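Coordinates in review
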Amino acid sequence: MHAEVCPGCGAILQSDDPNKIGYIPKAFHGSEDALCLRCYKLVHYGEVITYEQGDPSFRSMLEGVAIGKIVFWLIDLFNLETSLNMHPRRLLGEDSSYVIVNKGDLLPDPRHIPRILDYVEKRLREQGSEPEGLFLISASTGLGMEPLTRLFQSLDRDGLIFGATNVGKSTFLSRLLTMLGQTPDSPRLTTAYVPGTTLGLIKIAFSEKLSLWDSPGLVLNDDLTTRLSPRALKAVIPRRKLKPHTYQLHPGQTLFLGGLARIDFLEGPLQSFVVYASEGIRIHRTKQVRADYLTDHERGKLLVPPYPGEKILSVPFVRTTLAWRNQRGEKKDVAIHGLGWVTLTGAHAVLDVYTPEGVGVSLRPALI
Ligand SMILES: Nc1nc2c(ncn2[C@@H]2O[C@H](COP(=O)(O)OP(=O)(O)OP(=O)(O)O)[C@@H](O)[C@H]2O)c(=O)[nH]1
Ligand SMILES: [Mg+2]
């Protein structure tokens, strides 16, 4: 059979231009499970090819695909605010039946699961969504997957896996198929830490009658990870359980999260700043009076990631001012979209948060 799309990423295969999406040397074109050059390099050598042509118009690709299908909306626990903004009603024209919060293995303590589900449920209600089911899982470890495998066994329509880029859609489908016993012959979906891994719709025969569809993740502009080099991404995306790091800060002090974010503590009582981010981020505490100098001279040097030569170093830091007063015992998270979050424990605070222009910053009740 003639393979027309890459079984790893769904790109339409072509043998004309090695610098374009979907390239496969002529000799391999036509063999059923041959991967495109990009997937081949990713899977076998961990090498990332990026294409100049940019967004291959995923939005138009997704138009109409949800009709008649059951939509499973995947959300990334580590990047909740960005992935919750990727509402399927807006993007597919259909609501999701099920919402799946992925990457649960990153939680320092599974006892926090109910609290996180409550928060997600509340956010979904605010958006006018009441899914038939809400799950928290880890596609990497299999945590929480059993009820979902039962649900998939009982499907009576095709299923579409939808969500922002990098939330783990392809990893989830692969895990699901493995758990349902479809291993060697089922397609090997390419998964990777870089955003934009899946490039087209991939149809997977699930039973005699039903198919499951993997889809390319849309990119949201407020997400830090779409602006980083592969090297910086490796440092920023956590792979293991998060280890919170606590810093006691006085007003007049600043915390840098690598050279990617800066938090100036302007007003409030002495309090803990608890950082939930990847171990690859160098955290640096300093006096606020030194912070401008460090911003101008040490991003990409003392403050890494990013690393020397990265495009993001020429993107200016933009300030977001946050101020709040808590009810007794409450804590707040400052979420920096794609980088992680910082929990503040004091009764009140005023902060200036600096992030590269365009990267989203949100204030929310503490997740943990
Ligand atoms: N810690 C953790 N990482 C995960 C989990 N699931 C996926 N990942 C990682 O997240 C990254 C993205 O996974 P993919 O499955 O490629 O994500 P995707 O949603 O298919 O991304 P696109 O194809 O770009 O839309 C990879 O580095 C995965 O290893 C999980 O449960 N826990
Ligand atoms: Mg994918």
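Everything numeric in this text was worked out from a predicted model, so none of it was measured.

**Regarding the overall build of the chain**
From N to C terminus, the chain includes nine helices and 16 strands. In terms of overall dimensions, the chain is globule-like: its C-alpha atoms have a radius of gyration of 21 Å, near the 21 Å expected for 368 residues. The C-alpha extent of the chain, read off along each of the three principal axes, is 65 × 45 × 30 Å. Among the 368 residues that make up the chain, the fraction classed as buried is 43%. Taking as baseline every contact in the chain between residues at least 6 positions apart, the subset at least 24 positions apart corresponds to 70%.

**Digging into the UniProt feature "domain: NOA1/YqeH-like C-terminal" (unreviewed entry) in the chain**
UniProt marks residues 271–367 with the feature "domain: NOA1/YqeH-like C-terminal" (unreviewed entry), using the numbering shown here. Between the C-alpha atoms that bound residues 271–367 there is a distance of 18 Å. The span itself is 10% helix and 45% strand.

**Focus on the domain arrangement of the chain**
Entries for the chain in the domain assignment read domain 1 (1–54), domain 2 (56–220) and domain 3 (234–365). Taking only C-alpha atoms into account, the centre of domain 1 sits 24 Å from that of domain 2. Between domain 1 and domain 2, the contact holds 13 residues from the first and 15 residues from the second. Its residues assigned to classes, the side of domain 1 that touches domain 2 shows 10 nonpolar, three polar and no charged.

**Examining the sheet that holds strand 9 (residues 261–267)**
Strand order in the open sheet formed by five strands is 11-8-9-15-12, with antiparallel pairing between adjacent strands. The sheet terminates laterally at strand 11 (283–287) and strand 12 (317–325), the two strands that pair on one side only. Averaged over neighbouring strand pairs, the angle between their axes works out to 20 degrees when direction is ignored. In this structure, strand 8 (residues 253–257) lies alongside strand 9, joined through five bridges in antiparallel fashion.

**Some thoughts on the sheet that holds strand 3 (residues 133–136)**
Read across the sheet, six strands follow the order 3-2-1-4-6-5 without closing on themselves; strand pairing throughout is mixed. Lying at the two open borders of the sheet, with one neighbouring strand each, are strand 3 and strand 5 (202–205). Put simply, the sheet's adjacent strands are angled 20 degrees from each other on average, direction ignored. With two bridges connecting them, strand 4 (residues 159–163) and strand 6 (residues 211–214) associate as parallel partners. Looking across to strand 6, one finds that Leu160 is bridged to Trp213.

**Thoughts on the nonpolar core**
By size, the foremost hydrophobic cluster in this structure holds 78 residues, and its most contacted members are Phe72, Ile75, Ile161, Leu257, Val334 and Ile336. Broken down by element, this core gets its largest block of residues, six residues, from strand 1 (residues 70–76). Shared between two domains, this core takes at least three residues from each, and those domains are domain 2 (56–220) and domain 3 (234–365). In contact with Val334, not counting residues within four places along its chain, are Ile263, Leu322, Trp341, Val342, Leu344, Leu351, Val353, Val361 and Leu363. With 15 residues, the next largest nonpolar core counts Ile21, Cys36, Leu42 and Ala192 among its residues.

**Section: the site of ligand 1**
Of all residues adjacent to ligand 1, which total 25 residues, the nearest are Gly168, Ser170, Thr171, Thr198 and Gly217. Taken together, the residues of the shell around ligand 1 break down into seven nonpolar, 14 polar and four charged.

**Description of helix 7 (residues 169–179)**
Of all 11 residues making up helix 7, nine are buried, and the element is well covered by its neighbours. Of all the residues in helix 7, the buried ones are Lys169, Ser170, Thr171, Phe172, Leu173, Ser174, Arg175, Leu176 and Leu177. Lining the buried residues of helix 7 we find strand 1, strand 2 (98–102), helix 6 (146–153), strand 4, strand 5 and strand 6.

**Looking at the pairing of strand 13 (residues 332–336)**
By the criterion of burial, strand 13 is predominantly enclosed, with five of the five residues buried. Of the two faces of strand 13, the one lined by Lys332, Val334 and Ile336 and the one lined by Asp333 and Ala335 are each fully buried. Hairpin connection of strand 13 to strand 14 (residues 340–344): three residues between the antiparallel strands, including Gly338 at a positive phi of 100 degrees. Relative to strand 16 (residues 361–365), strand 13 is paired through five bridges, and the arrangement is antiparallel. Opposite Asp333, over in strand 16, you have Arg364 as the bridge partner.

**Structural notes on unusual backbone geometry**
Here Val304 and Pro305 are connected by a cis peptide whose omega angle stands at -20 degrees. Take Pro305: it is sitting in the loop between helix 9 (288–297) and strand 12. For the bond from Pro305 to Pro306, the omega torsion is 5 degrees, close enough to zero to count as cis. Look at Lys103: it is not a glycine, yet its phi comes out positive at around 75 degrees. Tracing the sequence through the fold places Lys103 in the loop between strand 2 and helix 5 (113–126).

What counts and what doesn't
The residue numbering used here restarts from 1 in each chain and proceeds along that chain's sequence as written. Chain labels run from A onward and ligand labels from 1 onward, assigned in the order the entries are written. At least 70 in pLDDT is required for a residue's local features to be given in this predicted model, at least 80 for side-chain atom pairs to be given and counted, and no such filter applies to totals for whole chains, interfaces and linings, which use all residues. Here a helix means four or more residues in a row that DSSP labels H or I, a strand means two or more in a row labelled E, and each is numbered from the N terminus. The reference for a compact globule is 2.2 Å times residues^0.38; the radius of gyration itself is calculated from the C-alpha atoms. Here exposure depends only on C-beta density: within 10 Å of a residue's C-beta, 20 or more other C-beta atoms make it buried, 12 or fewer make it exposed, and intermediate numbers make it partly exposed, the C-beta atoms being placed from the backbone. Note on contacts: residues are paired as contacts if their backbone-placed C-beta atoms lie within 7 Å. UniProt positions are given in the numbering used here, feature names are shortened, and annotations may be inferred rather than shown by experiment. The domain limits used here are those given by an automatic or database domain assignment. Charged means Asp, Glu, Lys or Arg here, nonpolar means Ala, Val, Leu, Ile, Met, Phe, Trp, Tyr, Cys or Pro, and polar covers whatever is left, Gly included. DSSP bridges decide pairing: two strands pair if at least two such bridges lie between them. All axes here are fitted lines through C-alpha atoms, helices being fitted over the stretch that makes contact, and every angle between N-to-C directions spans 0 to 180 degrees. We define the nonpolar core as any set of buried residues of the types Ala, Val, Leu, Ile, Met, Phe, Trp, Tyr and Cys, connected via C-beta atoms lying within 7 Å of each other. In this entry, near means the residue's backbone-placed C-beta atom lies within 6 Å of the molecule or strand.

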